[in-house]
Structure formats: structure tokens, C-alpha cells
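Coordinate analysis (summary)
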Number of protein chains: 2
Amino acid sequence: MRRGAGPATVITIMTDDKLKPLREQIDAIDAQILDLLNRRARIAQEVGHVKAETNAPVFRPEREAQVLRSVAERNPGPLLAADVQTIFREVMSSCRALERRVTVAFLGPQGTFSEQAVFQQFGHAVEALACASIDEVFRATEAGSADFGVVPMENSNEGAVNRTLDLLLQTTLSISGELSIPVHHSLMTASGAMDGVQRICAHSQALAQCQGWLNQHYPNIDRLAVASNGEAARMASQDPSVAAIAGEFAGQRYGLRVVQGHVQDDPHNRTRFAVVGRLQPGPSGKDQTSLILAVPNRAGAVHSLLAPLAQHGVSMTRFESRPARLGTWEYYFYVDIEGHALDDKVAPALAALKENAAFYKLLGSYPFTL
Amino acid sequence: MRRGAGPATVITIMTDDKLKPLREQIDAIDAQILDLLNRRARIAQEVGHVKAETNAPVFRPEREAQVLRSVAERNPGPLLAADVQTIFREVMSSCRALERRVTVAFLGPQGTFSEQAVFQQFGHAVEALACASIDEVFRATEAGSADFGVVPMENSNEGAVNRTLDLLLQTTLSISGELSIPVHHSLMTASGAMDGVQRICAHSQALAQCQGWLNQHYPNIDRLAVASNGEAARMASQDPSVAAIAGEFAGQRYGLRVVQGHVQDDPHNRTRFAVVGRLQPGPSGKDQTSLILAVPNRAGAVHSLLAPLAQHGVSMTRFESRPARLGTWEYYFYVDIEGHALDDKVAPALAALKENAAFYKLLGSYPFTL
């Protein structure tokens, strides 16, 4: 007997009577799922024994990518494929942890996007090791204190990308995975209102990402590109005539208030992360390969450098040039191509690319997941 | 055919031959799990239809708590019970999202502990709504822009608790859940070394939490309690003779380097969060109830206030007094007790408590999960 049952409780009890048989069915299904999960875990333990005999790695990104693709493809619904993948990521994470908890270094502190990226890639059954800098993430992983490191590659708010790109040039580690996390821009001022605002400041990239929204809502306010969104936030905190576009993180750091959230034109704006490790994943069937290249700085050099890709029918998905700080070359080119370095089409293209380039570094081949 | 197969690849291929039959077994199990998950989802949709007829809430914390307890209790292993709960939390989150994605407001920015708390409580299939302040989390939830709000209750680093406690006093919302996230303290200095350090600064609570470790490692360095761990971090950033104990978040904000991480004596140091909403969860079988009480400030008043709890055999799990900023009373008492307000033992105890107290506010009853 429960006391104090009012009208709301009565409705709840009536509903509960109707729900009871359905919930019993769910409980029965849950019992079966629980049984299957543990059967799966026991087989995963056998997999672990086989791997231990041959010193094979606990975490095989290509295998996990295949499982996630397979469940999404075979998913009959009504569950969403993305949600099914989230569930199976945790299933694999938990099974893998019975062999050994994988340690993953990330750019701390705890409770950041980078930590979210760790869980998004490896599930929650891992040891996440917070590092004070991107350098330390690489060091911890190179030294073996961590199995993997997760580092930001492209981040419109925090500019972490440059240090990562520099360290990729030097490291002995390979890229073994890539993932992204959604990021939103907000329009912020010290007061939370737009009264008296004469300039909207942000990094040029952020201004570009928000220009449609700005044209629609504030066509008559000047826009000023500054060094970073963080700098824009700092300016707005000191000057009531300035509004900043930045991530909420920067806004909070400088005590700004949000005028309007989600002002980027593309709601799917994301921060990319790379997973680095000593492991080189095998082909998963749908892979990407990352390279760093350099050529002497003369007309047509880049064009002819890349000719082998076209010749072998290999798609280039990303090409970024970056002024060199070190070494002989004026620019390094960060290139992503479709396919695995061991793929039939890709291997000869890479061989030719290597021959053409003055500098060639294969960063790694890994499952394509973005 | 793959090209470029070196010795490492050969070992991988040999291992893969042994692993193939095991992986086929896993794939077969995954197919069954996938089927069961979608059968579960279809029944959950029927549950949704029944609920829609009676306007019953999509998210029933007591039901989800029961499912999570049940799978942990029945879990035969080898999977860890906690990992099984993580999996089932995502299963329920995904099924629930087929009825409607629950919107949860939290103290932003994205990528913080508060956002992690949202996912830990509701799984990933939710709309997480970042708010600029704790006040806004309450406002958004009271206004119905969010179904629930997640707010920090106790946080040794950031002192957010006071504002939450004030708002709980005023809000029309109920507490419908509670959860916690592990938090670590680090010893940090500007240089990352302890050379020349004469004082270790932190909030008194953090110093107390680390005293065993400090006695062992730095028994001869003075300790100074300051206003907050953030203030200690700021001091350390400006004074090389100061080391700070703080969360890595504060350390990063002030550019400190970690001398040693995880220096708290209790490795299970956690930040508590409350889930607030318009919903009042029914009894789950293992619940907790939160109250705010006040009495006139005279000798013995608190003692006699609490007498009904003892009389009815109700355990008090938390008792915190807090100087009142508003209203008639000098102190408010934040009290947690075991059990649900509708439980046989608890209901008469609360009735008597209400009679004794000069101020009585029932914050809510919700599943106990800590």
C-alpha cells in the first residue's frame, strides 16, 4: 500500500496497468539480450587468448568499424542506425575491456570535447588519460603510457590544429582513426543584448561560417575578422560596442552572455579529431589514408605531384597546404585520400607519389567513419 | 589481393585465420542482439502509444532505474555489471527517442562535466541544451523549453552549489534524479616542478581531501586554505613559491602544469548533479527523498525537528545547513532521506516533519542510484 495517492497518481496507476504486459515483454527481451551480451563477451575472451598468443593488438579499429557498419546496414528499424551504433560501440568497448582496458591519452582537462571524442571512439570502458598539452598526448602515446592518443585536428574555436599538424610531421605514431564532434557558434555580448553593438568580431573562418545568418539578422553591423574567436570574446568582454561569435566555451571564459546560439549556417559544423597510436590498422573495406607531402616551390610542382592519384583513380578528399616552420620545404601539404594504403588502386598511386615528392610521410590508413 | 604485405601483415593474417570462426560466432550473436533490440523498440513504441492516450510522461526515471538494477543483478558475467548498465542505458535512450527525444538543459558550454552528466543519466539519444547559467537551466525547464535540467549540487572545484541550492528553494520544479561524476584533484605549479615551492594552496575542502597524500609526499611544505581551488590556481600562476591543488580545468585556465595527478585520498571523489523537472517519479523500490526545512533558531529546535525520522525508522543520508539569504529564517536545512515520499514508513514521517517545521519544502523523491 502507498499513501498519499492523489489524482495524478491514479492516472499513473491506470496507465501502469496497461503498460504492465508490455513491460513484461520488454523485461523478457532484456533477459535475452543480457544473455547474448555475455555469450558475446565469452567469445571475445577467446579472441583475446588467440591475440595474446600472437601479440596481436586488443583494439582493431578496422574490425570495430566493420561491425559498426554491418549493424547499421542490417538494422531493420525502428531503431535509428546511429543509435544502434552507439549501443554496439559500448558493447564492443565492454567486451574489449575484459581482455584489457585500453588507455587513451587526450588533451585534458576532463570534461572537454576531447574526452567526449575518446568515449565516442572507444566507448566508455577505457582508461582516459588527461594530458596538459597536445605534445604530452603524443609523448604519452609514443612512450607507451597510452595505447592511443586523441588530438584535435581542425577546431575553428581553439586553433589547436597547428600544433597537431606539426607533431604529426615529427611523430613515429600513425593515425589509426578519425572522428568528429558537432560544434556550435554563438553570438555573444557582455550584456546578452545587441543594443549599442557596432561591430561583430570573430575569426575570419567563423565569420564565413555564419555569414548567411548574419546577413539575415544583422546586415548593417560591421564585421571584423580578428586573430581567433577567443580574442573576439575577450574584446567583447571589455567593449560593449563589440559582439563576438565564438563557442560557448570561450564565451564562458570571458563572462559573455549568449544573444543567440547556433548561428553557424551549417548546423553540422564539427571539430575533427585524429586517433594516433603505434598500431597500423588493416583494411576495413572503406578506409582513408593521410599523407604529408612537400615539393620544391616552383610552378606546376603541386599539380604534377598529385598526378598519380588521378592516374590510378584515387579520390583526394582533403588537401591543405601549411607553411613549414622547420626543414627545407616552404610548404607541407596535408593530404587525405580514399582507400587503404594496401588497397590495389592505392598502393601503386602511393608508390608513384613517393617517387614524385621531395618529402613523403605516410601518416596512416584507417577506417573511414565521418 | 593486397599489395605491400610485410612480416607484420603476415602475422596479422595468421591471427585472422584463427579469429575468423570466433568472429563469425560474434557476428551471429550481434545479428540476434540487433533483432532483439528492434523487437524491444517496437514494444517500446506500443508503450509510447499507451502513454500518449493518458498523457503519461515519456521518461519514467523509476522504470529506467528498475531496468538498470535488474540487468546488473541478473548479469551472469563475464561482462561487468557497470558496463552492462552503460549498454542498457543507451538501449533505453534509443527506444525512448522513438517516442520523442527528451530535451535536457544543462550548464554549458558543451563539452563539460554537466554535459557528461546529461548523457550519463539519459543516454546519448537526447537533445542536450547548453545554458549559460544555472538560473537559465531552471528557467528553460520551468518554461518547458526543456523536459529536464541537470544542475551541479556539490562541486569542490567550482562552487556552483550555492546557486543551485538557492534556486531549489524557489523553483516549482522537483528533483527527479541524482547522479555523480568522478572528479580528480591535481597538484600543479607554473613550472610543473616543486622546486622552490613554499606553500600548497587550495580550498580547505580540497586540502582536507588530499591530506593523506600531502602528509606522505610533502609533509614539510605549509598548506594554506584559500577561497577556492580556482583562486589557488590563479595564485600559483603568478607566484613560483605557490603550488595549487585544483581540478585540471582550473589548472589549464591559468596555464599551470601538473606535478602529480589524482592526489585526493579518496579516488572516488565525485561531483553530484541533480536532475530537475516537472515530473514527480513514482516509487522504484529504492528511492531517496530531498527536502528543505527551517526552524526558529533556538536550542534543540533542529533536534526535535528531526525526531519524526527516527520515530518512523527513516534514515537520513545527508544533512546540510545553509545560511539563508532571503526570507524569515536564519538557516535552511537541506535533508536527504532514504525512501520515497509515498512509501509506508516515509509518508507519516514527512507529515510529522511538516507539522514540526516552520518551513517545509519537498524537493522530490527519485530513484537512488549513487
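Model, not experiment: these values are computed from the prediction.

Helix and strand content of chain A: 12 helices and 14 strands. Taking the intrachain contacts of chain A between residues at least 6 apart in sequence as the baseline, contacts between residues at least 24 apart amount to 75%. Approximately 15,800 Å² of chain A is accessible, and the part contributed by carbon and sulfur atoms is 50%. Separation of charge centres in chain A, based on 35 positive and 39 negative side chains, amounts to 2 Å.

On to the nonpolar core, then. In terms of nonpolar packing, the biggest core is built from 46 residues, with Ile33, Leu37 and Phe88 of chain A together with Ile33, Leu37 and Phe88 of chain B touching the most fellow members. Other than its neighbours up to four places away in sequence, Phe88 of chain A contacts Leu68 and Val71 of chain A together with Asp30, Ile33, Leu34 and Leu37 of chain B.

Once turned by 179 degrees and shifted 0.1 Å along the axis, chain A lies on chain B with an RMSD of 0.2 Å. Read as a symmetry element, the transformation amounts to a two-fold axis. Take the interface residues of chain A: 100% of them recur as interface residues in chain B, which is what a same-surface contact looks like.

Glancing now at the UniProt feature "site: Essential for prephenate dehydratase activity" (unreviewed entry) in chain A. Residue and element names in this part refer to chain A. In the numbering adopted here, UniProt assigns the feature "site: Essential for prephenate dehydratase activity" (unreviewed entry) to Thr271. Residue placement: Thr271 occurs in strand E10 (residues 270-277). We classify Thr271 as buried; its relative accessible area is 3%.

On to the packing of aromatic side chains. Scanning the entire structure with this criterion turns up 12 aromatic pairs over all chains. Measuring from ring centre to ring centre gives 5.2 Å for Tyr332 of chain A and Phe359 of chain A, while their planes differ by 75 degrees; the resulting arrangement is edge-to-face. Taken together, the positions of Tyr332 of chain A in strand E13 (residues 331-338) and Phe359 of chain A in strand E14 (residues 359-367) put the pair 27 residues apart, joining distant regions of the chain. Taking relative accessible area as the criterion, Tyr332 of chain A reaches 7% and is therefore assigned buried. Look at Phe359 of chain A and you get partly exposed, because its relative accessible area is 22%. Ring geometry for Trp213 of chain B versus Tyr218 of chain B: centroids 5.9 Å apart, planes at 50 degrees, classification tilted. In this structure Trp213 of chain B comes out as buried when scored by relative accessible area, which is 15%. Taking relative accessible area as the criterion, Tyr218 of chain B reaches 21% and is therefore assigned partly exposed. Pairwise contacts between aromatic rings join Phe59, Phe122 and Phe148 of chain A into one cluster.

Further remarks concern the interface of chain A and chain B. In this complex, chain A contributes 89 residues to the contact, which on the side of chain B involves 89 residues. Surface buried jointly by chain A and chain B totals about 8,200 Å² across both partners, of which 62% is contributed by carbon and sulfur atoms. At the junction of chain A with chain B, the criterion picks out 9 salt bridges. A salt bridge links Glu136 of chain A to Arg257 of chain B; the nearest nitrogen and oxygen atoms lie 3.9 Å apart. At the level of elements, helix H1 (7-53), helix H2 (61-74), helix H3 (81-99), helix H4 (113-122), helix H10 (248-253) and helix H12 (346-356) of chain A are the ones that each hand at least two residues to the side of chain A that touches chain B. Among the elements that take part in the side of chain A that touches chain B, H1 of chain A stands out by supplying 32 residues, more than any other. For the side of chain A that touches chain B, the residue count by class is 44 nonpolar, 20 polar and 25 charged.

Let us look at the state of the cysteines. Tallied over the full model, the rule gives 0 disulfides over all chains. Cys201 of chain B takes part in no disulfide bond, and the closest cysteine sulfur, belonging to Cys210 of chain B, lies 13 Å away.

All names here are of chain A. You can see Thr172 is positioned in the loop between helix H6 (161-170) and strand E4 (174-182). We classify Thr172 as exposed; its relative accessible area is 72%. Separated by 104 residues in the primary sequence, Thr172 and Val276 have C-alpha atoms spaced 9.7 Å apart.

With that settled, the discussion passes to the packing of helix H2 (residues 61-74) of chain B against helix H3 (residues 81-99) of chain B. All names here are of chain B. In the contact formed by H2 and H3, the axes pass within 9 Å of each other and the chain directions differ by 145 degrees. Here H2 runs over H3; the crossing is right-handed. Touching Glu64, Val67, Leu68, Arg69, Val71 and Ala72 of H2 are Ala81, Val84, Gln85, Phe88, Arg89, Met92 and Arg96, all from H3. When its residues are assigned to classes, the contact of H2 with H3 shows 8 nonpolar, 1 polar and 4 charged.

All names here are of chain A. Assigned domains of chain A: these are domain 1 (54-183 + 269-279), domain 2 (186-260) and domain 3 (280-367). Listed per partner, the contact involves 23 residues of domain 1 and 25 residues of domain 3. Between domain 1 and domain 3 the total buried area reaches about 2,000 Å² when both faces are included, carbon and sulfur atoms providing 51% of it. On inspection of domain 1 and its partner domain 3, the count reaches 2 salt bridges.

Let us now look at the sheet that holds strand E8 (residues 242-246) of chain B. Residues and elements named next belong to chain B. Taken in spatial order, the 5 strands line up as E7-E6-E8-E5-E9 in an open sheet, and their pairing is mixed. Of all the strands in the sheet, just strand E7 (222-226) and strand E9 (257-260) have a single pairing partner and so form its edges. Within this sheet the neighbouring strands show an average axis-to-axis angle of 35 degrees, counted without direction. Where strand E5 (residues 186-189) and E9 come together, 3 bridges link them in antiparallel fashion. Bridging from a neighbouring strand, Met188 pairs with Val258 of E9.

Thresholds applied
Residues numbered from 1 in each chain as written. Chains lettered and ligands numbered in written order. Predicted model: local features only at pLDDT ≥ 70, side-chain atom pairs only at ≥ 80, totals over all residues. Heavy atoms only, no water. Helix = DSSP H or I, 4+ residues; strand = E, 2+ residues; numbered from the N terminus. Contact = heavy atoms within 4.5 Å. Areas by Shrake-Rupley, 256 points an atom, 1.4 Å probe, with all protein chains shown as cover. Lys, Arg positive; Asp, Glu negative; His and termini not counted. Charge placed at Lys NZ, Arg CZ, Asp CG, Glu CD. Core = buried A, V, L, I, M, F, W, Y, C linked by side-chain atoms within 4.5 Å. Buried < 20%, exposed > 50% of the residue type's maximum accessible area, 1.4 Å probe, protein only. Least-squares fit on C-alpha atoms with pLDDT ≥ 70 in both. UniProt positions renumbered as here; feature names shortened; annotations may be inferred. Phe/Tyr/Trp six-rings, centres within 6.5 Å; stacked < 30°, edge-to-face > 60°. Buried area = accessible area lost by both parts, 1.4 Å probe. Salt bridge = Lys/Arg side-chain N within 4 Å of Asp/Glu carboxyl O. Nonpolar A, V, L, I, M, F, W, Y, C, P; charged D, E, K, R; others polar. Disulfide = S-S within 2.5 Å. Axes fitted to C-alpha atoms, helices over the stretch in contact; angles between N-to-C directions. Left-handed = near helix turned anticlockwise from the far one by under 90°. Domains from an automatic or database assignment. Pairing = 2+ DSSP bridges.

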